[in-house]
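# Breakdown of the fold
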There are 12 protein chains.
Amino acid sequence: MTDRVYKKIELTGSSDVSIEDAVQNAVTKASKTIRSMRWFEIIETRGYIDNNQVANWQVTIKIGFTLDDGSE
Amino acid sequence: MTDRVYKKIELTGSSDVSIEDAVQNAVTKASKTIRSMRWFEIIETRGYIDNNQVANWQVTIKIGFTLDDGSE
Amino acid sequence: MTDRVYKKIELTGSSDVSIEDAVQNAVTKASKTIRSMRWFEIIETRGYIDNNQVANWQVTIKIGFTLDDGSE
Amino acid sequence: MTDRVYKKIELTGSSDVSIEDAVQNAVTKASKTIRSMRWFEIIETRGYIDNNQVANWQVTIKIGFTLDDGSE
Amino acid sequence: MTDRVYKKIELTGSSDVSIEDAVQNAVTKASKTIRSMRWFEIIETRGYIDNNQVANWQVTIKIGFTLDDGSE
Amino acid sequence: MTDRVYKKIELTGSSDVSIEDAVQNAVTKASKTIRSMRWFEIIETRGYIDNNQVANWQVTIKIGFTLDDGSE
Amino acid sequence: MTDRVYKKIELTGSSDVSIEDAVQNAVTKASKTIRSMRWFEIIETRGYIDNNQVANWQVTIKIGFTLDDGSE
Amino acid sequence: MTDRVYKKIELTGSSDVSIEDAVQNAVTKASKTIRSMRWFEIIETRGYIDNNQVANWQVTIKIGFTLDDGSE
Amino acid sequence: MTDRVYKKIELTGSSDVSIEDAVQNAVTKASKTIRSMRWFEIIETRGYIDNNQVANWQVTIKIGFTLDDGSE
Amino acid sequence: MTDRVYKKIELTGSSDVSIEDAVQNAVTKASKTIRSMRWFEIIETRGYIDNNQVANWQVTIKIGFTLDDGSE
Amino acid sequence: MTDRVYKKIELTGSSDVSIEDAVQNAVTKASKTIRSMRWFEIIETRGYIDNNQVANWQVTIKIGFTLDDGSE
Amino acid sequence: MTDRVYKKIELTGSSDVSIEDAVQNAVTKASKTIRSMRWFEIIETRGYIDNNQVANWQVTIKIGFTLDDGSE
């Protein structure tokens, strides 16, 4: 194997629908500036309550991506 | 900003359906005695297994609410 | 299974005798205002030292109980 | 020593001034419904940023108090 | 109660669909060699990203089962 | 010293009597299939409450044993 | 609510005066390249000792900001 | 109150009898060189297994004592 | 991707030479009964001291392997 | 660089004024027996409550100092 | 001292040789875009296993650097 | 077994060469004032970066030694 180096950044994605959707929203937003995303890890799951309903899921993740160039 | 004070309580909600549903069940139950719930944080996700199937999701959350009065 | 909701509270029981006794003392005291206690988890074990002897065990536990009504 | 039992609750106090002031605000608010508060522990320190200034300190603490009666 | 003993093992289940599905996949696979599974706890949730989409949920759980015999 | 390798497994022992007894019960059960157990570490102490009494101590431990052969 | 995405970065601010001042110094420095900072969390508080006096407070924080554009 | 300063040291006591006895053994040994011990906290509980029996409880504690003089 | 399931086991490898060698020793020993090992994570690094020299590195790792069959 | 060795000790300083003052009080007391203190890290912040006021800040720190000689 | 601000980023370096080499590889890669790197902390050490051999060390570190300018 | 008591102290060793060498340096320095050192545990691994090279490994360990006498 080669000696690859990865960078990890921390994002909080949100969604009114589900935990999975909040993660995807964070990944989608990150894809606008980062190439070569490889994996994520969920760090924390929180949310807002509005009128006694879970109104917004907020999931903090770390995303790892190959540090091939000056991306980000 | 004013000097608001929030109280956090810890609940475990359960659901046969999903993690999100277990959280909502806890929030719904709490709404019977607490006003002004603002946010939650997932602390732990567990569940029961029955006949080799996940039979019940049990999600422990902390709920934060405004301590405006003697609620709870 | 039904969608039960549990509440967890944090107490510190103390005893001159043993860790087990300190836990029971906390449970006994809690039983005066809480119905339907189901389980506990030990969070921390500390104690006072007096004249080079362990003089008091102080055990912090979380107690989980069924949130069936407005108890507590 | 007698076998005292303490209860711990979790509050988030806020202040525009300092961490110490946010803690005192939480204690002051809690004093309206709880007697016999004895100690606190800082769990988390966060805050809001407004216009590039720390605008509000938010300090989450646990407060321990003697469970002598049905207070709270 | 009798003095039951439980064993806990650590598995990572994966799914293209959801966190809940990844847990069930781990439980299903474990059921081929383990009898009497009773509960699980989620330890970590990670995933792979492929072409800017969450392509695979990977959920690490601990499964507890009754140690009645030489199973596993 | 030689280059020994140890394996660690996680068990939950239970007892109506004490924390120490719950640990011994787990060790006794494990001894039916594992040779050469060397040490344990307590990971978590929980218990059930029945009729306001601690009815069952549940202690989760890791047991380390010499991996000399295909035991377990 | 819309599906906002936040990024969190980790900074260590320092100050000869106080913990609060070290946090503000980090926020002020970050404001030169980041727009839309929203909140911070204190991760760690350390400091240097010089001639038996606390000579410098060093506070590590995470700052969350709205990821609206390519800022940073 | 005065501005007292306490020092905390970390000891591992052992006993063939119980967790409580292992803690007392550590306190007793420490009393030979330290005055004014005030409290302890259990950090870790381990033990040795000999011939399928728990043969020795090893409890690591931190002991806090008043730093009134050059003791220790 | 397919819905693979992995199992993780915990081993402590030892070596008189280095941390890396202790990890390799654990992997080598595990290879005698486990097929398809994929990755490891270091959990803890300890060691024995003999005559003021580090005499033995003891590295606890988790090893993940594909659960394709009844191996182990 | 040379191969310096540092020792870390754990102290709890207290103050009626502020967190910063409690840290300085611990450092001042330590300076009576320790030379060459270099840095500190805050481990825990607690306090006593008296008559609904924070009456005493208690801050536990680790202090690192150069182990040049037999100091302490 | 002046009120310096540092930024910390998280990288995973890899190497077929050793843990130390994986850290250096991450530092070397980071040096292409970051000036004034000052220190690192190891967060996690993992690796791949290929044909029963540790084939690749993967070490996640945080790197701290002076935030003097718009570097990175 | 007898009821031995061990003390644990925390040291940070450094080395330009490797993690293992930094640990040995701490043990060597400690041996000048402590007899009967038995084991160590690595708590944290950090280091300095100089001119884009890892210039100094700094490894914090706890050393356990038999508390037979007034050593240290």
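Sequence order as written defines the numbering, with residues in each chain counted from 1. Here the convention is simple: chains get letters from A, ligands get numbers from 1, in the order in which they are written. In keeping with the model being predicted, local features are shown solely for residues with a pLDDT of at least 70 and side-chain atom pairs are shown and tallied solely at 80 or more, while totals for entire chains, interfaces and linings include all residues. Hydrogens are left out, water is left out, and the side-chain values use all remaining heavy atoms of the structure.

## As for the overall build of chain A
- Secondary structure is summarised from DSSP: a helix means a run of H or I of at least four residues, a strand means a run of E of at least two, and numbering begins at the N terminus for each. Summing up its helical and strand segments, chain A has 1 helix and 3 strands in all.
- For a compact globule of 72 residues, the expected C-alpha radius of gyration is about 11 Å, and chain A comes in at 14 Å, more than 25% above that figure.
- Considering only C-alpha atoms, chain A reaches an extent of 50 × 20 × 15 Å along its principal axes.
- With 72 residues in all, chain A has 64% of them scored as buried.
- Any two residues whose heavy atoms approach within 4.5 Å at even a single point are treated as in contact. Of all intrachain contacts in chain A linking residues separated by at least 6 positions in sequence, the fraction that spans at least 24 positions is 63%.
- Where accessible areas are quoted, they stem from the Shrake-Rupley method and a 1.4 Å probe; at the residue level, only the protein chains shown are allowed to cover. Accessible surface for chain A amounts to roughly 2,800 Å². Of this, 42% is attributable to carbon and sulfur atoms. Every radius of gyration here is taken over C-alpha atoms, with the globule rule written as 2.2 Å times N^0.38, N being the number of residues. Note on classification: 1.4 Å probe, protein chains only; a residue is buried when its accessible area is under 20% of the maximum for its type, exposed when over 50%, partly exposed between these limits.

## Examining the side chain of Glu10 of chain J
- Of note, Glu10 of chain J is situated in strand 1 (residues 5-15).
- Any pair of nitrogen or oxygen atoms within 3.5 Å is treated as a polar contact; in protein, a donor-acceptor pairing is required on top of that, and neighbouring residues in sequence qualify only through side-chain atoms on both sides. There is a polar contact of 2.7 Å between the side chain of Glu10 of chain J and the side chain of Lys62 of chain H.

## Quick word on the relation of the copies chain E and chain F
- Rotating chain E by 120° and moving it 0.0 Å along the rotation axis overlays it on chain F with an RMSD of 0.0 Å. Here the transformation between the copies is reduced to the relation of a three-fold axis.
- Of the residues that chain E buries at the interface, just 8% are likewise interface residues in chain F, meaning the two copies contact each other through different surfaces. Alignment of the copies relies on least squares applied to C-alpha atoms, considering only residues that score at least 70 for pLDDT in both.

## Focus: the packing of aromatic side chains
- Only Phe, Tyr and Trp rings take part, Trp by its six-membered ring, and two of them pair if their centres are within 6.5 Å. Stacked means planes under 30 degrees apart, edge-to-face means over 60, and tilted covers everything else. Evaluation of the coordinates by the stated rule reveals 24 aromatic pairs over all chains.
- Judged by centre distance (5.4 Å) and plane angle (80°), the ring pair of Phe40 of chain K and Trp57 of chain L falls under edge-to-face. Of the two residues, Phe40 of chain K is situated in strand 2 (residues 37-50) and Trp57 of chain L in strand 3 (residues 53-66); the pairing between them involves two chains. In terms of burial, Phe40 of chain K and Trp57 of chain L fall into one category: buried.

## Some details on the interface of chain E and chain F
- Facing the 13 residues of chain E at the interface are 19 residues of chain F.
- Taken over both partners, the interface formed by chain E and chain F buries close to 1,300 Å², and the fraction arising from carbon and sulfur atoms is 48%.
- A carboxyl oxygen of Asp or Glu within 4 Å of a side-chain nitrogen of Lys or Arg is what we treat as a salt bridge. Where chain E packs against chain F, one counts 2 salt bridges.
- Measuring nitrogen to oxygen at the nearest pair gives 2.7 Å for the salt bridge that ties Glu10 of chain F to Lys62 of chain E.
- Counting across the chain E and chain F interface gives 6 residue pairs in polar contact (both at pLDDT 80 or more).
- Here the residues of the side of chain E that touches chain F are counted per class, giving 4 nonpolar, 2 polar and 7 charged.
- Here, a strand pair is defined by DSSP locating no fewer than two bridges between the strands. Looking at chain direction, strand 1 (residues 5-15) of chain E and strand 1 (residues 5-15) of chain F are connected through 4 bridges and run antiparallel. Counted as the bridge partner of Val5 of chain E is Gly13 of chain F from strand 1 of chain F. Defined in terms of a 1.4 Å probe, buried area is the accessible area two parts forfeit on being brought together, summed over both. Note on residue categories: nonpolar means Ala, Val, Leu, Ile, Met, Phe, Trp, Tyr, Cys or Pro, charged means Asp, Glu, Lys or Arg, and polar means any other residue, Gly included.

## Section: the pairing of strand 2 (residues 37-50) of chain B
- As paired strands, strand 2 (residues 37-50) of chain A and strand 2 of chain B are joined by 3 bridges and run antiparallel to one another. Among the inter-strand pairings, Tyr48 of chain A is bridged to a residue of strand 2 of chain B, identified as Trp39 of chain B.
- When strand 2 of chain B meets strand 3 (residues 53-66) of chain B, the two strands line up antiparallel, connected through 12 bridges. By the bridge assignment for strand 3 of chain B, Glu44 of chain B is matched with Thr60 of chain B.
- Between strand 2 of chain B and strand 3 of chain B, which follow one another and run antiparallel, lie 2 residues, and Asn51 of chain B among them has a positive phi close to 55°.

## Overview of unusual backbone geometry
Residues and elements named next belong to chain K.
- If you check the backbone angles, Asn51 has positive phi at about 55° while not being a glycine.
- Along the polypeptide, Asn51 turns up in the loop between strand 2 and strand 3 (53-66).
- Asn51 gets classed as exposed once you look at its relative accessible area, which sits at 66%.
- Unusually for a residue other than glycine, Asn52 sits at a positive phi of about 65°.
- If you trace the backbone, Asn52 turns up in the loop between strand 2 and strand 3.

## Some details on the pairing of strand 1 (residues 5-15) of chain L
Residues and elements named next belong to chain L.
- The element strand 1 is largely enclosed, with a buried count of 11 among its 11 residues.
- Here strand 1 shows a buried face lined by Val5, Lys7, Ile9, Leu11, Gly13 and Ser15 and a second buried face lined by Tyr6, Lys8, Glu10, Thr12 and Ser14.
- Alignment of strand 1 against strand 3, held across 10 bridges, turns out to be antiparallel. Bridge assignment links Ser14 to a residue of strand 3, and that residue is Gln58.

## Quick notes on helix 1 (residues 19-30) of chain B
Residue and element names in this part refer to chain B.
- Expected span of a helix: the number of residues minus one, times 1.5 Å. The first and last C-alpha atoms of helix 1 sit 17 Å apart over 12 residues, in line with the 16 Å expected at 1.5 Å per residue.
- Most of helix 1 sits inside the fold, with 9 of its 12 residues counted as buried.
- Among all positions in helix 1, only Ile19, Glu20, Ala22, Val23, Gln24, Asn25, Ala26, Val27 and Ala30 are buried.
- Capping the start of helix 1, Ser18 holds a side-chain oxygen 3.5 Å from the backbone nitrogen of Glu20, two or three residues further along.

## A closer look at the pattern of salt bridges
- Scanning all chains against the criterion turns up 48 salt bridges over all chains.
- The closest approach of N and O atoms between Lys8 of chain D and Glu10 of chain C, which form a salt bridge, is 3.5 Å. Here Lys8 of chain D is found in strand 1 (residues 5-15), whereas its partner Glu10 of chain C is found in strand 1 (residues 5-15) on a different chain.
- Accessibility expressed as a relative area gives 8% for Lys8 of chain D, which makes it buried.

## Details of the side chain of Thr12 of chain I
- Along the polypeptide, Thr12 of chain I turns up in strand 1 (residues 5-15).
- Of note is the side chain of Thr12 of chain I, whose polar atom sits 2.9 Å from the side chain of Thr60 of chain I.
- Among residues more than four places away in sequence, those in contact with Thr12 of chain I are Arg4, Val5, Tyr6 and Lys8 of chain F together with Gln58, Val59 and Thr60 of chain I.

## Remarks on the confidence of the model for chain A
- The predicted model of chain A has a mean per-residue pLDDT of 93, with 92% of residues at 70 or higher.
- Interface confidence for the predicted complex, given as ipTM, is 0.94, next to a pTM of 0.94. Confidence of the predictor in every single residue is expressed as pLDDT, which spans 0 to 100.

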